[in-house]
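What the coordinates show
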Amino acid sequence: MGFKTACIMTGDCPPHYFGTLPEHNPERADQVLSSLGYEQCYSRESSKLNIYPDEGKLFIGAFEKAMYIADRDIIYGCFEDRSKPYFQNALNLYPEGKLLMIVLHSVVDYFGYAYYEKGKLCREYSGGGDNGMLTESGELQPEEKPAFERSEIRDGERIFFEEIHGETEEFDVSCYGESLAFMMMTKFFDCEWYRCVEGRTSPFDLKGELMCKTNPQKKTPGKKGLLGFLNPFSK
């Protein structure tokens, strides 16, 4: 594993919607952040997809039919405790839509994903380097099913197989979990983060805003919008 992220994708949209590179709407971003409970953000700047913003920052892409948000300060905790108001507010953004939460941390081979439709949990899978599989519930999703069909249970643990440079290699769940998470993300994206496919859009071409949640030492003059957001898009 080599990626870190703590992100939520949610919307009432067709499959692979982010692959169409929908236009980010700053006013919609203000509404979403307010609904999630953010009180104040500063230093807004246009940015390509940022999957793991620095501490104290967040990335948001707010589009016509869906939204993407990454915030490591909050979303890791939401994966562990779905009763948190932040996550419940995220579920309510699209009550008839779908939501996918992804957490990855390469240092400890930690991964997890939880997929919801119409507010109901359909699939959850998580694991880590120290403990192997941590949680599993729900029906296999089409995106991950081929990988599970190629796997086997050995000594009580699931082993995944992947062909790399013409040779079949074996992976335990903690090492393969990142790949499974990327597979699940194709519910929203056109291809997996680490495996761009010719003729499809790179996930990192998706644009949104990177924001600082803490009060900087020096503010840039500008016009404030909702909740004190410093909005460079305002004239």
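Residues numbered from 1 in each chain as written. Predicted model: local features only at pLDDT ≥ 70, side-chain atom pairs only at ≥ 80, totals over all residues. Heavy atoms only, no water.

Observations concerning the overall build of the protein chain
- Across its full length, the protein chain holds five helices and 14 strands.
- Out of the 235 residues belonging to the protein chain, those deemed buried represent 49%.
- Contacts in the protein chain between residues far apart in sequence, at least 24 positions, make up 63% of those at least 6 positions apart. (Helix = DSSP H or I, 4+ residues; strand = E, 2+ residues; numbered from the N terminus. Buried < 20%, exposed > 50% of the residue type's maximum accessible area, 1.4 Å probe, protein only. Contact = heavy atoms within 4.5 Å.)

Here's the deal with unusual backbone geometry
- Positive phi values are uncommon outside glycine, yet serine 43 reaches one of about 55°.
- Note that serine 43 resides in strand 2 (residues 42-48).

Some words on the side chain of lysine 98
- Along the chain, lysine 98 turns up in strand 5 (residues 98-105).
- The buried charged residue lysine 98 lacks any salt bridge partner; its closest oppositely charged side chain belongs to glutamate 117, at an N-O distance of 7.0 Å.
- The contacts of lysine 98, once residues within four sequence positions are left out, are Met9, Thr10, Gly11, Cys13, Pro14, Pro15, Tyr115, Tyr116, Glu117, Lys187 and Phe188. (Lys, Arg positive; Asp, Glu negative; His and termini not counted. Salt bridge = Lys/Arg side-chain N within 4 Å of Asp/Glu carboxyl O.)

Some details on helix 1 (residues 26-36)
- Listed in full, the buried residues belonging to helix 1 are Pro26, Ala29, Asp30, Val32, Leu33 and Leu36.
- Sitting at the amino-terminal end of helix 1 is asparagine 25, which places a side-chain oxygen 2.9 Å from the backbone nitrogen of glutamate 27.
- Remark: glycine 37 follows helix 1 within two positions and exhibits a positive phi of approximately 105°. (Polar contact = N/O pair within 3.5 Å; in protein donor to acceptor, adjacent residues only side chain to side chain.)

A few points about the pattern of salt bridges
- The final tally for this structure, using the stated rule, is 12 salt bridges.
- Among the ionic pairs, glutamate 143 bridges to lysine 187, the shortest N-O distance being 3.0 Å. On the criterion of sequence distance, the pair formed by glutamate 143 in the loop between strand 8 (132-138) and helix 4 (145-149) and lysine 187 in the loop between helix 5 (173-185) and strand 12 (207-212) is long-range, its members being 44 residues apart.
- Relative accessible area serves as the criterion here: at 7%, lysine 187 is assigned to the buried category.
- Between arginine 154 and glutamate 170 there is a salt bridge, with its nearest N and O atoms 2.9 Å apart. With arginine 154 in strand 9 (residues 152-154) and glutamate 170 in strand 11 (residues 167-172), this residue pair connects regions lying 16 residues apart in the sequence.
- For arginine 154, a relative accessible area of 33% translates into the label partly exposed.
- Within this structure, Asp30, Arg44 and Glu209 form a network of salt bridges that share partners.

Things to note about empty space enclosed by the protein
- Applying the stated rule across the entire model yields one cavity of 30 Å³ or more.
- The computed volume of the largest cavity comes to approximately 30 Å³.
- Only helix 3 (85-93) and strand 5 provide two or more residues apiece to the lining of the largest cavity.
- Taken together, the residues of the lining of the largest cavity sort by class into five nonpolar, three polar and one charged. (1 Å grid on protein atoms, 1.4 Å probe; cavity = no way out; pocket = protein on both sides within 12 Å on 5 of 7 lines; lining within 4 Å. Points joined across faces, edges and corners; volume = space filled by probe spheres on them. Nonpolar A, V, L, I, M, F, W, Y, C, P; charged D, E, K, R; others polar.)

Re the nonpolar core
- Core analysis: the largest hydrophobic core is formed by 34 residues, its most contacted members being Met9, Phe18, Tyr68 and Tyr113.
- The set of elements that each furnish at least two residues to this core consists of strand 1 (5-11), strand 4 (66-70), strand 5, strand 6 (110-117), helix 4 and helix 5.
- The leading source of residues in this core is helix 5, at eight residues.
- Membership of the second largest hydrophobic core comes to 30 residues, among which are Ala6, Leu58, Phe79 and Phe87. (Core = buried A, V, L, I, M, F, W, Y, C linked by side-chain atoms within 4.5 Å.)

A short note on the layout of surface pockets
- Taken as a whole, the largest pocket holds about 200 Å³ of empty space.
- Forming the boundary of the largest pocket are 14 residues, of which Gly132, Met133, Glu157, Arg158 and Val173 lie nearest the centre.
- Where the lining of the largest pocket is concerned, the elements lending two or more residues are strand 7 (120-128), strand 8, strand 10 (157-164) and helix 5.
- Ranked by the residues each element gives to the lining of the largest pocket, the list is headed by strand 8, at three residues.
- For the lining of the largest pocket, the per-class residue count stands at four nonpolar, six polar and four charged.

Some details on the pairing of strand 3 (residues 57-62)
- The buried fraction of strand 3 is high, at five of six residues.
- The pairing of strand 3 with strand 4 spans four bridges and is antiparallel. By the bridge assignment, phenylalanine 59 is partnered in strand 4 with alanine 70.
- The antiparallel pairing of strand 3 with strand 4 creates a hairpin that spans three residues between the two strands. (Pairing = 2+ DSSP bridges.)

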